[in-house]
There are 2 protein chains.
Amino acid sequence: MALMDRLESRKAKINRELEKALAVGDNETLRGAMKHYPLAGGKRLRPLLSYLVAEAISGNGEPTVPYGVGLEIIHNFTLVHDDIMDRSDLRRGIVSVHKKYNTPTAIIAGDALFALAFENICNLQIDDALLRIIVNDTALAVREVAEGQQMDMEFEKKHDVAVRDYLNMIDKKTSRLYFAAARSGAIIGRGTLEQIKAMGELGYLMGIGFQIWDDVLDLEGEEEKTGKPFGGDIREGKRTLMVVYGMNELRGEDRKTFSSILGNSKASRKSIQETVSLLHKCGAVSYAKNFALEYVREAKEKTTVLKSSEAKELLMELIDYTVRRDN
Amino acid sequence: MALMDRLESRKAKINRELEKALAVGDNETLRGAMKHYPLAGGKRLRPLLSYLVAEAISGNGEPTVPYGVGLEIIHNFTLVHDDIMDRSDLRRGIVSVHKKYNTPTAIIAGDALFALAFENICNLQIDDALLRIIVNDTALAVREVAEGQQMDMEFEKKHDVAVRDYLNMIDKKTSRLYFAAARSGAIIGRGTLEQIKAMGELGYLMGIGFQIWDDVLDLEGEEEKTGKPFGGDIREGKRTLMVVYGMNELRGEDRKTFSSILGNSKASRKSIQETVSLLHKCGAVSYAKNFALEYVREAKEKTTVLKSSEAKELLMELIDYTVRRDN
């Protein structure tokens, strides 16, 4: 049975609580803007990660649900604000929040989602002392996500982004929420210190693999599946791992062509295809794929601190999924 | 001695911790954008309210400082996002964050400040069970602030805003943070249930008075003192209490003139002065001032649950200050 089918009952619990969590507030427009992304689908990878980690440790993942819901809401709030900043009109195959409503409402909806996330996290049925740790860790993670977004934007104007810089950026922009998901799952499941530490590392590694794969999908995915326009990252001039590699390897005419298209918001589909060919030609795409696979392999190794169980197996498959998915 | 001088040592403690709190993060641009408003001055009314409430109850307001710092950071995050939405270029006499940096960085800086606020609140040296309550209350308050901002925007396009609607809007947009400040101050000071309840009400009433006075200052204040352009609310078409009253009372030519200027972002200084005269003429300004004074009077009555002390006196003066200030 496919992984997502095997995870269905867990995902259904998360979705049910997420839907309930979003049925709040007195302003109809704001409520609509807040629900727009979270209820338009989504893989729920972060809540599932938290859930499976706690289940693998304690036999029960359900106590993580309020946290998973909080994380999913945080993830969605960052998407709402991201799309304003990137002027993206499409997300998950639907029109973006600021396009459907307007920019002020999208800014407010993102802020309200952020607040709502912490309300949900406060619903965790765990020791108050542990809640303090989780609230603090999560707030820090969100601040680091913001820092990662700032770096991401600044890189668009930089020519000499090193692999190290890129990794530092996606560690913040993406991995911190995976780190928080897995680590808090271990805390909620009352894991040992060793398990809590290992699960944090697992989340970090998985997050890096996830982000690199996301960048690959921007160039290789099918629009109907990703719900995003093909080559959006190239048009925005994003310094993905492939671009960083390509800028180092490409020479002469190839380099000139590549540079002229990168960051051109009006680049044609044909131009984007040309950059993709160049990135393939110089080995950037396979480099990035192998890079992601290596992180995923290391992430799976971290599960040695968990005893054998169905949840552990599912967790390993979930990690694998980050580099097998097509959306 | 003037109130603000008598509060100086308390304010200095708050400012010291606020400055420390803002010295975080690895990205210089983001750090600059985050500090831009909070370190450009500010009355620190919310932290001082929390501080004085706790001091009046327990004799010591210092334990509230991490909370006050969190509230002040939240207040500033809402200003950063507000100024993007309202396209305001000036705040506290300095250029706004999105003008000094750019809109994406301002969105990110607001988000990062929001996260940082919760990190600071987690530093409160109080029972973990009380921290859970305070985090939850504060997250809810921020969500309601967002809802109030949405209402405020929607009102700009409405002709028939009732006083009741206006009060509901500023209750959310402004009073919730005052409510949280005073109520949490009472919780941190280990007040009785009666005191906690009364202080929450005090904060609510003070917040309403504060917001109405803020609207009055937009029309009557001196730009060098308010740090904001004269009549900005009129140009944006904000439905302040004076405008709501004026729209009900003005007739004939006066009404036509008033309506034609309200919401005209390019209105001249002379036009703005004309609307101010009309609002005076129909009694809207004195109506609003009396309204604010009445709320402030009721707020002070709530202090009957506090025993006599210097802190209680200062608290009452702080409440009075909201309708005596010139900035």
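Everything discussed here concerns the structure shown above.
By convention here, each chain's residues receive numbers from 1 onward along its written sequence. As a convention, the first chain written is A and the first ligand written is 1, with the rest following in written order. For this predicted model, a pLDDT threshold of at least 70 governs which residues receive local features, and a threshold of 80 or more governs which side-chain atom pairs are given and counted, while totals over whole chains, interfaces and linings are taken from all residues. Side-chain numbers here rest on the full set of heavy atoms in the structure, without hydrogens or water.

Chemist: Explanation requested: the pattern of salt bridges in the structure shown.
Modeler: Oppositely charged side chains may form a pair once their charged atoms are brought near each other. Residues and elements named next belong to chain A. Salt bridges are defined by distance alone: a side-chain nitrogen of Lys or Arg within 4 Å of a carboxyl oxygen of Asp or Glu. Applying the stated criterion to the full structure yields 62 salt bridges over all chains. Arg183 is paired through a salt bridge with Asp137; the nearest N and O atoms lie 2.6 Å apart. Residue Arg183 is found in helix H9 (residues 163-188), and its partner Asp137 is found in helix H8 (residues 128-155); the two are separated by 46 residues along the sequence. The class of Asp137 is partly exposed, set by a relative accessible area of 21%. The closest approach of N and O atoms between Arg297 and Glu301, which form a salt bridge, is 2.6 Å. Taken together, the residues Arg297 and Glu301, both in helix H16 (residues 284-301) and four residues apart, mark about one turn of the helix. Three exposure classes are used, based on accessible area relative to the maximum for each residue type with a 1.4 Å probe and protein chains only: buried under 20%, partly exposed in between, and exposed over 50%. Residue classification places Arg297 among the partly exposed residues on the basis of a relative accessible area of 40%. Secondary structure elements are defined from DSSP: runs of H or I of at least 4 residues count as helices, runs of E of at least 2 residues count as strands, and each element is numbered from the N terminus.

Chemist: Help me out: how do you make sense of the interface of chain A and chain B in this one?
Modeler: Accessible area lost upon the coming together of the parts is a frequently used measure of interface size. The contact criterion used is simple: two residues touch if any of their non-hydrogen atoms lie within 4.5 Å. In this assembly, 45 residues from chain A lie in contact with 45 residues from chain B. Scanning the region where chain A abuts chain B turns up six salt bridges. The closest approach of N and O atoms between Asp128 of chain B and Arg132 of chain A, which form a salt bridge, is 2.7 Å. Here a polar contact means two N or O atoms within 3.5 Å. Within protein one must be a hydrogen donor candidate and the other an acceptor candidate, and residues neighboring in sequence count only if both atoms are side-chain atoms. Counting the contacts that link chain A with chain B gives 22 residue pairs in polar contact (both at pLDDT 80 or more).

Chemist: For this particular structure, what's the right way to read the nonpolar core?
Modeler: Soluble, globular proteins show a tendency: their nonpolar side chains are buried together. Only buried residues count toward a nonpolar core, which is a set of Ala, Val, Leu, Ile, Met, Phe, Trp, Tyr and Cys residues joined through side-chain atoms within 4.5 Å. Leu49, Met199 and Leu318 of chain A together with Leu49 and Leu318 of chain B are the most contacted members of the largest nonpolar core, which totals 236 residues. In contact with Leu49 of chain B, not counting residues within four places along its chain, are Tyr178, Ala181, Ala182, Leu202, Gly203, Met206, Leu315 and Leu318 of chain B.

Chemist: Would you mind going over the relation of the copies chain A and chain B with me for this structure?
Modeler: These two copies of the chain differ by a rotation about an axis and a displacement along the same axis. Once turned by 180 degrees and shifted 0.0 Å along the axis, chain A lies on chain B with an RMSD of 0.0 Å. The relationship between the two copies is best expressed as a two-fold rotation axis. Proximity to the rotation axis, assessed at the C-alpha, singles out Asp128 of chain A in chain A; its C-alpha lies 2.6 Å from the axis. Both copies share a contact surface, since 100% of the interface residues of chain A are interface residues in chain B too. All copies are superposed by least squares; the fitting set is the C-alpha atoms of residues with a pLDDT of at least 70 in both.

Chemist: When you look at the packing of aromatic side chains in this model, what are you seeing that I'm missing?
Modeler: When we look at a pair of aromatic rings, we describe it by the centre distance and by the angle of the planes. Pairing of aromatic rings covers Phe, Tyr and Trp, the last through its six-membered ring, and needs centres within 6.5 Å; plane angles under 30 degrees mean stacked, over 60 mean edge-to-face, and all others mean tilted. Applying the stated criterion to the full structure yields 14 aromatic pairs over all chains. Of the aromatic side chains, those joined through ring pairs into one cluster are Phe77, Phe114 and Phe118 of chain A together with Phe77, Phe114 and Phe118 of chain B. Criterion for a charge above a ring: Arg CZ or Lys NZ at most 6 Å from the ring centre, at most 35 degrees from the ring normal. Stacked on the ring of Phe210 of chain B, the Lys or Arg Arg46 of chain B has its end atom at 5.7 Å from the ring centre. Over the ring of Tyr37 of chain B we find Arg91 of chain B; its NZ or CZ atom is 6.0 Å from the centre of that ring.

Chemist: Just checking my understanding: could you explain the side chain of Asn27 of chain B for this structure?
Modeler: Mapped onto the elements, Asn27 of chain B comes out in the loop between helix H2 (8-21) and helix H3 (28-35). In this structure Asn27 of chain B comes out as buried when scored by relative accessible area, which is 7%. There is a polar contact of 3.3 Å between the side chain of Asn27 of chain B and the side chain of Glu154 of chain A. A distance of 2.9 Å separates a polar atom in the side chain of Asn27 of chain B from the backbone nitrogen of Leu30 of chain B. Asn27 of chain B has contacts with Glu147, Gln150, Met151 and Glu154 of chain A, leaving out every residue within four places of it along the chain.

Such coordinate-based values are descriptive only and should not be taken to indicate function.
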